[in-house]
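Structural overview for review
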Amino acid sequence: MDEAALQKFGPAFQVIYDPSLVDDEERLFQKLADADALIVRNRTQVGARLLDAAPNLRVIGRLGVGLENIDLGACAKRGVSVRPATGANTQSVVEYVLGAMLVLRRGAYTSNQEMLDGNWPRTALGAGGEVQGLTLGLLGYGEIAQAVAQVGLAFGMKIIAFDPYLADTDPAWTHVQSCGLEDLLARADVMSLHVPFTDATAGLIGASELSKMKSSALLINTARGEIVDEPALVSALKSGRLTGAAIDVFAKEPLDHAAAAVFKDCPNLILTPHIAGVTRQANVRVSHVTVENVLKVLAKEGV
């Protein structure tokens, strides 16, 4: 996190900042014995064992928005508040999604070596496409997806979204068409995923769903890796049933040798290490919002 944000705690709090604790559970548990607050990213597993080691814990600040690594039920039973940095990394994710979409659609940014070798691939690279007039499909239509939609509209795209939890009367639907999942799959030229990982979304995009998409379509996943059947996605890309994909999240993180092998020799694929929401600016915003969230809870608890 941005260490400068920790200064907001002031002299009244003893702050232990040690990113290495995530890999040393015994030492982490020792440090938690007297802790009132804990700030984590997505690697620290906050379950019953950790909470038992922190009897005075009042609040957990999450440097990000995903909560899969935190047992919310266990926290609720112990009266521990969980505060994600909602909204702080939205801009970074939006720019990642739109950037990946433009790169994949245009197909013109990987020609350095050909050019340096003396070739002139103008005909091939001039066959790339624009995004204006295409249909951008959003699976999930929360805060980040809504921000993606606004930029998509500025590019002249048509926006459709599937989110059964957002009321039809919500003003966010202005200029965006609500549709069912089957319709979303069939119509989207670019599909961007924005749903949390739950029992209902696990494996939501599998071989059957991919087969219903346009062969010219692109898939962008900045949500959670478990939502997409990775071997099925690779198969679709290799067979031409899908044109391209950008994947920032994976079922196994970090990728081990076996997980990485699934993606080997896959065409028109962008792989990044869960950094869609991580930029210099986002890190500062997320850090400051997280510290402020923690301080609010501690103040309310009289700590």
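For the structure itself, consult the block above.
The following refers to the structure shown. Position labels on residues start from 1 in each chain and follow its written sequence. Two thresholds apply to this predicted model, a pLDDT of at least 70 for residue-level local features and 80 or more for giving and counting side-chain atom pairs, whereas whole-chain, interface and lining totals are computed over all residues. Side-chain metrics in this entry use all non-hydrogen atoms of the structure; hydrogen atoms and water are not considered.

1. Some points on the pattern of salt bridges
Pairing is possible between side chains that carry opposite charge, provided their charged atoms lie close to one another. Salt bridges are defined as contacts in which a side-chain nitrogen from Lys or Arg sits within 4 Å of a carboxyl oxygen from Asp or Glu. Per the stated rule, a full pass over the model turns up 11 salt bridges. Between Asp24 and Arg27 there is a salt bridge whose closest N-O contact spans 3.1 Å. Per-residue accessibility, obtained with a 1.4 Å probe over protein chains only, is compared with the maximum for each type, and a residue is labelled buried under 20%, exposed over 50%, and partly exposed between these values. Overall, Arg27 belongs to the partly exposed group, its relative accessible area being 26%. The partner of Glu182 in a salt bridge is Lys212, and the shortest N-O contact between them spans 3.1 Å. Of this pair, Glu182 sits in helix α8 (residues 181-187) while Lys212 is found in the loop between α9 (207-211) and β8 (218-221), placing the two residues 30 residues apart along the sequence. A residue is classified by how much of its surface remains accessible, and Lys212, at 35% relative accessible area, is partly exposed. Salt bridges linked by common partners bring Asp18, Asp24 and Arg27 together as one network. The helix and strand labels rest on DSSP assignments: H or I over at least four residues marks a helix, E over at least two residues marks a strand, and numbering proceeds from the N terminus.

2. Description of the packing of helix α4 (residues 90-106) against helix α7 (residues 143-154)
Viewed as axis vectors pointing N to C, α4 and α7 meet at an angle of 50 degrees, and their least axial separation amounts to 9 Å. For the element pair α4 / α7, the angle class is oblique. By crossing handedness, the relation of α4 to α7 is classed as right-handed. In this structure, α4 uses Thr90, Val93, Val94, Val97 and Leu98 to contact α7, whose residues at the interface are Glu143, Ile144, Ala147, Val148 and Val151. Interaxial angles span 0 to 180 degrees and are taken between N-to-C directions of axes, which are lines fitted to C-alpha atoms, for helices over the stretch in contact. With respect to orientation, any angle under 35 degrees is reported as roughly parallel, any angle over 145 as roughly antiparallel, any angle of 65 to 115 as roughly perpendicular, and every other angle as oblique. Less than a right angle of anticlockwise turn of the near helix away from the far helix marks a crossing as left-handed, whereas a clockwise turn marks it as right-handed. Contacts were defined at the residue level, with two residues in contact if any of their heavy atoms lie within 4.5 Å.

3. Considerations on the environment of Ala167
With respect to the helices and strands, the residue Ala167 is situated in the loop between β5 (158-162) and β6 (177-178). For the pair Ala167 and Gln7, spaced 160 residues apart in sequence, the C-alpha to C-alpha distance is 41 Å.

4. With respect to helix α10 (residues 230-239)
Of the positions making up α10, those classed as buried are Glu230, Ala232, Leu233, Val234, Ala236 and Leu237. Each element contacted by the buried residues of α10 is listed here: α9, β8, β9 (244-247) and β10 (269-271). Two or three places before Ala232, at the start of α10, stands the capping residue Asp229, its side-chain oxygen 3.1 Å from that residue's backbone nitrogen. In protein, a polar contact requires one atom able to donate a hydrogen and another able to accept it; more generally it is a pair of N or O atoms within 3.5 Å, and residues adjacent in sequence count only if both atoms are side-chain atoms.

5. With respect to the pairing of strand β2 (residues 59-62)
Residues Val59 and Gly61 line one face of β2 and the alternating positions Ile60 and Arg62 line the opposite face, and both faces are buried. Bridge count for strand β1 (residues 37-40) against β2 is four bridges, and the pairing is parallel. In the sheet register, Leu38 faces β2, and the bridge partner there is Ile60. Each parallel crossover has a hand, and the one from β2 via helix α3 (residues 72-77) to strand β3 (residues 81-84) is right-handed. Pairing between strands requires that DSSP locate at least two bridges from one strand to the other. Orient the strands so they point away from the viewer, and a crossover whose first-strand-to-second-strand path over the helix runs clockwise is right-handed.

6. Things to note about the nonpolar core
Core analysis: the biggest nonpolar cluster contains 31 residues, and Leu139, Met191, Leu193, Leu210, Leu219, Leu233 and Leu242 have the highest contact counts within it. Looking at this core, the elements with two or more residues in it are α8, β7 (190-193), α10 and β9. When residues of this core are assigned to their parent elements, the largest contribution, five residues, is made by α10. With 29 residues, the next largest nonpolar core counts Tyr96, Leu134, Leu136 and Val176 among its residues. Definition of nonpolar core: a set of buried residues of the types Ala, Val, Leu, Ile, Met, Phe, Trp, Tyr and Cys, connected through side-chain atoms within 4.5 Å.

7. Structural notes on the packing of aromatic side chains
Only rings of Phe, Tyr and Trp enter the pairing, Trp through its six-membered ring, and a pair is recorded when the two centres are within 6.5 Å. The plane angle decides the type: under 30 degrees is stacked, over 60 is edge-to-face, the rest tilted. Evaluated as defined, the whole model comprises three aromatic pairs. With 5.7 Å between their ring centres and 85 degrees between their planes, Phe250 and Phe263 make a pair best called edge-to-face. One end of the pair, Phe250, is in the loop between β9 and α11 (257-261); the other, Phe263, is in the loop between α11 and β10, with 13 residues separating them in the sequence. Residue Phe250 shares its accessibility class with Phe263, and that shared class is buried.

8. Concerning the sheet that holds β3
Pairing is parallel in the open sheet, where three strands are placed in the order β1-β2-β3. In this open sheet, the two edge strands, each paired with only one partner strand, are β1 and β3. On average, each strand axis in the sheet is inclined to that of its neighbour by 15 degrees, with strand direction left out of account. Packing against the sheet, helix α12 (residues 280-300) makes contact with β1, β2 and β3, and its axis sits at approximately 165 degrees to β2.

9. Some points on the sheet that holds strand β4 (residues 135-139)
Taken together, the seven strands give an open sheet; going across it, the order is β6-β5-β4-β7-β8-β9-β10, and neighbouring strands pair in parallel fashion. Two strands lie at the open edges of the sheet, namely β6 and β10, each paired on one side alone. As judged from the three bridges shared by β9 and β10, these two strands associate in the parallel manner. Of the residues in β10, the one forming a bridge with Ile247 is Leu271. Its contacts with the sheet place α4 against β7, β8, β9 and β10, and it is angled at close to 150 degrees to β8. This element, α10, spans β8, β9 and β10 of the sheet and lies at about 150 degrees to β9.

So yeah, pure geometry; function would need other evidence.
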